[in-house]
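Here's the letter readout for the chains.
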Amino acid sequence: MGFEIFPPAFILLIAAVLICLVKGHGRTAVILIAPIITLWAIWQIPDGVQSTIKFLSYNIEPLEGSPVRRLFATIFAIMVFVGGLYSFRIARWYELAAAFAYAAGAIGVCFAGDLITLFLYWELMAIFSTIVVWCGGTAGARAAGIRYAIMHLLGGVILKVGIEGVVVGTGSIQIQPMLATDFSTWMILIGILINAAAPPVSAWLADAYPEASPTGSVFLSAFTTKTAVLALILLFPGEPVLIGIGLFMVMYGIIFALLENDVRRILAYSVVNQVGFMVVAVGIGTEMALNGATAHAFAHIIYKALLFMSAGVVIYRTGKNKCMELGGLFRTMPLTCVCGIIGALAISSFPLTSGFTTKSMISQAAVDGNLMWVYMALAAASAGVFLHAGIKFPWYVFFQKDSGLRPKDAPWNMGLAMIIFASLCILLGIFPEYLYSLLPYPVDYQPYTVGKVLFYLQLLLFSGLAFFVLLPLMKRTMTISLDTDWLWRRAAVSLIKLIEQVLGAIGEVIAVQRVRLQKFLHRMAINYLGQPHTADSKERGVFARSWPIGTTALWIAGLLSAYVLLYYL
Amino acid sequence: MINDEKQLHWLVRPTTVRKLWIGSSVVLTLVVLAQTVIYVKGYFGFDAWFGFGAIYGFASCLVMVLVAKLLGLVLKRPLDYYDDPQQQKKQESSHDKLKENSNGV
């Protein structure tokens, strides 16, 4: 009973409370120091279950260490530090507090040794990430936050149903590899996949993240989807369904990003695309694939946060977030531009960036598994990533036409945060060994062979050529794209309105008929029972008249004879 | 004309842009020609063909852009598609209120 080791998640939770309580430099100190203490605490957790608590009849294991758990927690803690550095001067205190509590949930999930702990931290993330979305402050952010909360609470309920089923079925709350074979395991898988922005509900991500504040979306991009990837690695390695789902996500992300005009929404769609790569890897499920998924998640958090940071600076400085309104910013924002380009190259897995050394492991796993179509689809997707994020993002924001905007470059803290992440992108690209040595399984993989580099250079550079050749086809329009969320944002609303109308019409008909029936009954009553005050009995209703006693006696005799007759029949 | 060119940032002067196009064309050609001396290991046979990466990269991008374009015809809607007309006025006023805000650190 009790904690031999203090859970790292609690450090961030305490920090979140402190952010609310202290002000000024004290708050800055909390924001910058707490993630470092958390990181230290993460590396104090040895492998295996560290503490158990008896709860009802279950053994709760709030802390379980393993290399893959530690690696995810590490990148989350780094993310909190750099995200805190990026946002502490412009973000409101409650946004930072919510972001820290949200990160605490993510780190808690990393070390959850049982399904109940996992679920608790899962919900913690759902609640505080919703608050981060709301901190966008606009009416759009409020509405998107509500949709986001509904989606994630629904996902939580589905996950809980699955967990209950597994606990009842197996009697174990352990987190252990399983396959989606029966109802409850399917429910767990679906609950996790909702957080991974898998189809058919991928739309929540691109709906909510761009509505958050420029600083909030940096935090949002990191945690929810990647904890879902970790949960998939721990619970569903080698689940074949995931390959198909992942490939769909990869292609979905590219196509929708190509249609998009909002800068951060482009990046949000490419989160779905990148998580798709990881989901495919978990679906392949070999050691190489799981290493690839872990490494890619690690690298992805860095370059995706970097991209959101550079977009965030642009939005903070210009107040504009549409490709059509931006352009030519490289003149006055060289640092933001260069960092954005480094992030864009990394996400496109350009050689010498972190994307190349990590994403190519997933392709290698597909080759090893002799999955030709998966490999070819991933190669096509790599080209597509370069198209939609690698070139499109920097091109429309920093180059294309001159928008006439001459904003200042990033403030020092935002610039420093971007430089740290940009350096990490390149560092992991040149010295991948550092990351490889931390991966859950031993790595026997050489990312840089001349032939492979040449293949990827051809692939990427010619997709770059395709971008500029096809530029006329990609003219930006001031539009949004419909997604499956149309079903509940528009179709369901229309359906409810229709049902309301139908019910209203039925109600009206009933009301009219009721009045008619009332009048009819009233008429009948007057007809048969009416007793106008008159001496003449003939003028009264049939049953209200006074009849001679003889008639009554005749009726009684008739009825009694009928009764006797029926009795003997 | 010369003055116009001088006023532009060097990166967007027509002469620079022309040089960039020429430079990129040379790089693209070299990347394909390099396959004559460098062996690209194919995993499934056809991916070792000469210039396969280049053609595959270009073609898959072409397909994706065209698919996106076609889907766009069906899926694109104006920005205010989901907005409730009655809510729009409220939204504008609250947006102004919350425009500038700092946490005072």
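These figures come from a predicted structure and were not determined experimentally. (Residues numbered from 1 in each chain as written. Chains lettered and ligands numbered in written order. Predicted model: local features only at pLDDT ≥ 70, side-chain atom pairs only at ≥ 80, totals over all residues.)

Observations regarding the domain arrangement of chain A
Frequently, the measure chosen for interface size is the accessible area removed from exposure when the parts meet. Per the domain assignment, the segments of chain A are domain 1 (1-236), domain 2 (240-477) and domain 3 (490-568). The centre of domain 1 of chain A, based on its C-alpha atoms, is set 67 Å off from the matching centre of domain 3 of chain A. (Domains from an automatic or database assignment.)

A few points about the interface of chain A and chain B
Between chain A and chain B, the contact holds 48 residues from the first and 46 residues from the second. Considering every element that reaches the side of chain A that touches chain B, the biggest residue donor is helix H19 (residues 450-469) of chain A, with 13 residues. Considered class by class, the residues forming the side of chain A that touches chain B number 32 nonpolar, 11 polar and 5 charged. (Contact = placed C-beta atoms within 7 Å. Helix = DSSP H or I, 4+ residues; strand = E, 2+ residues; numbered from the N terminus. Nonpolar A, V, L, I, M, F, W, Y, C, P; charged D, E, K, R; others polar.)

With respect to the domain arrangement of chain B
When its domains are assigned, chain B resolves into domain 1 (1-38) and domain 2 (42-78). Using C-alpha coordinates to define each centre, domain 1 of chain B is positioned 25 Å away from domain 2 of chain B.

Overview of the pairing of strand S1 (residues 48-55) of chain A
Residues and elements named next belong to chain A. Bridging between S1 and strand S2 (residues 58-65) involves 6 bridges; their strand directions are antiparallel. Residue Ile53 lies in a different strand from S2, and its bridge partner there is Ile60. Following S1, the chain reverses through 2 residues before pairing antiparallel with S2; Leu56 in that reversal takes a positive phi of roughly 50 degrees. (Pairing = 2+ DSSP bridges.)

Some thoughts on unusual backbone geometry
Residue and element names in this part refer to chain A. The step from Pro199 to Pro200 runs through a cis peptide bond, and the omega angle for that step is 0 degrees. Tracing the backbone shows Pro200 in the loop between helix H7 (183-195) and helix H8 (203-208). Here the phi dihedral of Ala197 falls at roughly 60 degrees; this positive angle occurs in a residue that is not glycine. Along the chain, Ala197 falls in the loop between H7 and H8.

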